[in-house]
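Analysis of the macromolecular model
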Amino acid sequence: MRYPLADIDDVEDDIRETILAVSEKSGFVPNVFLSLARRPAEFRAFFAYYDALMEKETGNLTKGDREMIVTATSAVNNCLYCVVAHGAVLRIMEKKPLVADQVAVNYRQADITDRQKAMLDFAMTVCTEPWALGDADFAALSEHGFDDEDAWDIGAITGFFGLSNRMAHVGSMMPNPEFYLMGRVPRERK
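How each quantity is defined
- Residues numbered from 1 in each chain as written.
- Predicted model: local features only at pLDDT ≥ 70, side-chain atom pairs only at ≥ 80, totals over all residues.
- Heavy atoms only, no water.
- 1 Å grid on protein atoms, 1.4 Å probe; cavity = no way out; pocket = protein on both sides within 12 Å on 5 of 7 lines; lining within 4 Å.
- Points joined across faces, edges and corners; volume = space filled by probe spheres on them.
- Helix = DSSP H or I, 4+ residues; strand = E, 2+ residues; numbered from the N terminus.
- Nonpolar A, V, L, I, M, F, W, Y, C, P; charged D, E, K, R; others polar.
- Buried < 20%, exposed > 50% of the residue type's maximum accessible area, 1.4 Å probe, protein only.
- Arc of directions from axis to C-beta.
- Contact = heavy atoms within 4.5 Å.
- Core = buried A, V, L, I, M, F, W, Y, C linked by side-chain atoms within 4.5 Å.
- Patch = residues over 30% accessible without salt bridge, like charges linked within 9 Å, V, L, I, M, F, W, Y side chains within 5 Å.
- Areas by Shrake-Rupley, 256 points an atom, 1.4 Å probe, with all protein chains shown as cover.
- Salt bridge = Lys/Arg side-chain N within 4 Å of Asp/Glu carboxyl O.
- Axes fitted to C-alpha atoms, helices over the stretch in contact; angles between N-to-C directions.
- Parallel < 35°, antiparallel > 145°, perpendicular 65-115°, else oblique.

Considerations on the layout of surface pockets
A volume near 1300 Å³ is recorded for the largest pocket. Looking at the largest pocket, it is lined by 43 residues, and the ones nearest its centre are V22, S26, V89, F179 and M182. Elements that contribute at least two residues to the lining of the largest pocket include exactly α1 (13–26), α2 (31–36), α3 (40–54), α4 (63–76), α5 (80–94), α9 (148–170) and α10 (177–181). When its residues are assigned to classes, the lining of the largest pocket shows 24 nonpolar, 6 polar and 13 charged. In this structure, the second largest pocket occupies an estimated 350 Å³ of space. In terms of lining residues, the second largest pocket is bounded by 16 residues, among which S35, L36, R39, E42 and M167 are the most central. If you list the elements that add at least two residues to the lining of the second largest pocket, you get α2, α3 and α9. Sorting elements by how many residues they give to the lining of the second largest pocket places α9 first, with 6 residues. Residues of the lining of the second largest pocket, tallied by class, amount to 10 nonpolar, 3 polar and 3 charged.

A look at helix α6 (residues 99–106)
If you check which residues of α6 are buried, you get V99, A100 and V103. Looking straight down α6, one finds that the buried residues subtend no more than 100° of arc, so they occupy a single side. Buried positions along α6 lie against α4, α5 and α7 (114–128).

Re the side chain of Q116
Relative to the helices and strands, Q116 is located in helix α7. Among all residues touching Q116, those that are not within four sequence positions of it are D65, M68 and E94.

Structural notes on the nonpolar core
Core analysis: the largest hydrophobic core is formed by 52 residues, its most contacted members being Y81, V103 and L120. Within the residue set of this core, elements represented by two or more residues are α1, α2, α3, α4, α5, α6, α7 and α9. The dominant element in this core, judged by the number of residues it contributes, is α9, at 7 residues.

Considerations on a nonpolar patch on the surface
Taken together, M1, L5, L80, M174, Y180, L181 and V185 make up a surface patch of nonpolar side chains, about 620 Å² in accessible area. With respect to the secondary-structure elements, V185 resides in the segment after α10. The partly exposed category is assigned to V185, whose relative accessible area is 44%.

A closer look at the packing of α5 against α9
Interhelical geometry of α5 versus α9 gives an angle of 120° and a closest axis separation of 8 Å. Relative to α9, the element α5 lies oblique. The segment α5 lies against α9, with Y81, C82 and H86 engaging F161, S164, N165 and A168. Considered class by class, the residues forming the contact of α5 with α9 number 4 nonpolar, 3 polar and no charged.

Listed below in structure tokens is the structure:
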């Protein structure tokens, strides 16, 4: 990686608590946490917005849908870190070991619902040609039960991870080895 990872013993207490909570849940510390921890204000802002988008309980997007958006758009942005990391979470959320790989390579041929395909079509337009969004894009979402707030969520997730993808490239951030097996093989409990 281009920039040194923060040492968990040297970060501010609130950031350390966040990192340790994630580590306890996942069994390891994802590199993105230590990468961003070297810039505390950005760490806090990034994860506050991440939580607002990815952990919210309202709207018609499931957690699996949210991870699917991240995986598909990160693939278009050639972001290895996010495809691998969020693909791992997607496998777990959808309980389908192959779906993340399918979505990352070509979501149009993936084993997903028509509803999810419509969601990803919208996300891809936001990702690649946001200026081309029009009423027909919103209508296509509506046909699958998404409302205007869901469209906002899809756009916000796509936009936020566009930033994340670009910063992962700037920092040459690499996915932790643990991500590659998540959702593919049973996790060893300690």
